[in-house]
Amino acid sequence: MTSIQSEEELENALDKCSLLPISEEQEENEEQMVLPDLETAVNCIVCDEICQDSTTCDDCNLPMHESCCEEGVKLCNLCSRRNSRKRNRATALEGSDQQAEKMMKHSRNRFPPASRGDSVRIHSVRE
Ligand SMILES: [Zn+2]
Ligand SMILES: [Zn+2]
């Protein structure tokens, strides 16, 4: 243990104290705030009806009816939608990347990079 000699050191020590895990008393208070109904009555993530099945989504672990699962995959509609969107975005990104590259090549050909000292002629539509 190092002895505290300056005010700054005292402050640092106090900072460390505030990072200590919550005391048992505080934990008890938090438990009381949880509503008891939430554990018994849960809504199916897919159809939003009361769900007493023990089936949960493989991805987000939220409860849902066994009948609401897609066949073969235990995914809620949100996760299956998210998964398909992820796939779509990946292919869309690939496509736009290729398109952007093509456009870059195209514009480089049309407008070769100007270098210092080049005279630049500005074309005005009115003249
Ligand atoms: Zn359901
Ligand atoms: Zn899910």
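Residues numbered from 1 in each chain as written. Chains lettered and ligands numbered in written order. Predicted model: local features only at pLDDT ≥ 70, side-chain atom pairs only at ≥ 80, totals over all residues.

1. Some thoughts on the overall build of the protein chain
Turning to step 1, where the next piece is worked out: Along the protein chain, the regular secondary structure elements total four helices and two strands.
Turning to step 2, where the next piece is worked out: Traced from its N-terminal end to its C-terminal end, the protein chain shows the element sequence α-α-α-β-β-α. (Helix = DSSP H or I, 4+ residues; strand = E, 2+ residues; numbered from the N terminus.)

2. Examining the nonpolar core
Turning to step 1, where the next piece is worked out: Counting residues in hydrophobic clusters, the biggest one holds nine residues: Cys44, Ile45, Val46, Cys51, Cys57, Met64, Cys69, Leu75 and Cys76.
Turning to step 2, where the next piece is worked out: Filtering out sequence-adjacent residues up to four positions away, isoleucine 45 remains in contact with Cys57, Leu62, Pro63, Met64, Cys76 and Leu78. (Core = buried A, V, L, I, M, F, W, Y, C linked by C-beta atoms within 7 Å. Buried ≥ 20, exposed ≤ 12 C-beta atoms within 10 Å, placed from the backbone. Contact = placed C-beta atoms within 7 Å.)

3. A short note on unusual backbone geometry
Negative phi characterises most residues that are not glycine, and trans characterises most peptide bonds.
Turning to step 1, where the next piece is worked out: Even without being a glycine, aspartate 48 presents a positive backbone phi close to 65°.
Turning to step 2, where the next piece is worked out: Within the fold, aspartate 48 resides in the loop between strand E1 (42-43) and strand E2 (50-51).
Turning to step 3, where the next piece is worked out: Here asparagine 61, not a glycine, exhibits a phi torsion of approximately 65°, which is positive.
Turning to step 4, where the next piece is worked out: Secondary-structure assignment places asparagine 61 in the loop between E2 and helix H4 (77-110).
Turning to step 5, where the next piece is worked out: Judged by C-beta crowding, with 10 C-beta atoms within 10 Å, asparagine 61 ranks as exposed.

4. Concerning the confidence of the model for the protein chain
Turning to step 1, where the next piece is worked out: With 71% of its residues at a pLDDT of 70 or more, the protein chain has an overall mean of 76.
Turning to step 2, where the next piece is worked out: For the protein chain, the element scoring lowest by mean pLDDT is helix H3 (residues 37-40), at 55; E2 scores highest, at 90. (pLDDT = per-residue confidence, 0-100.)

5. Examining the environment of asparagine 83
Turning to step 1, where the next piece is worked out: Considering the arrangement of structural elements, one finds asparagine 83 in helix H4.
Turning to step 2, where the next piece is worked out: Under the C-beta neighbour-count criterion, asparagine 83 is labelled partly exposed, with 13 such atoms within 10 Å.
Turning to step 3, where the next piece is worked out: When the C-alpha atoms of asparagine 83 and aspartate 59 are compared, they prove to be 9.9 Å apart, with 24 residues separating the residues in sequence.

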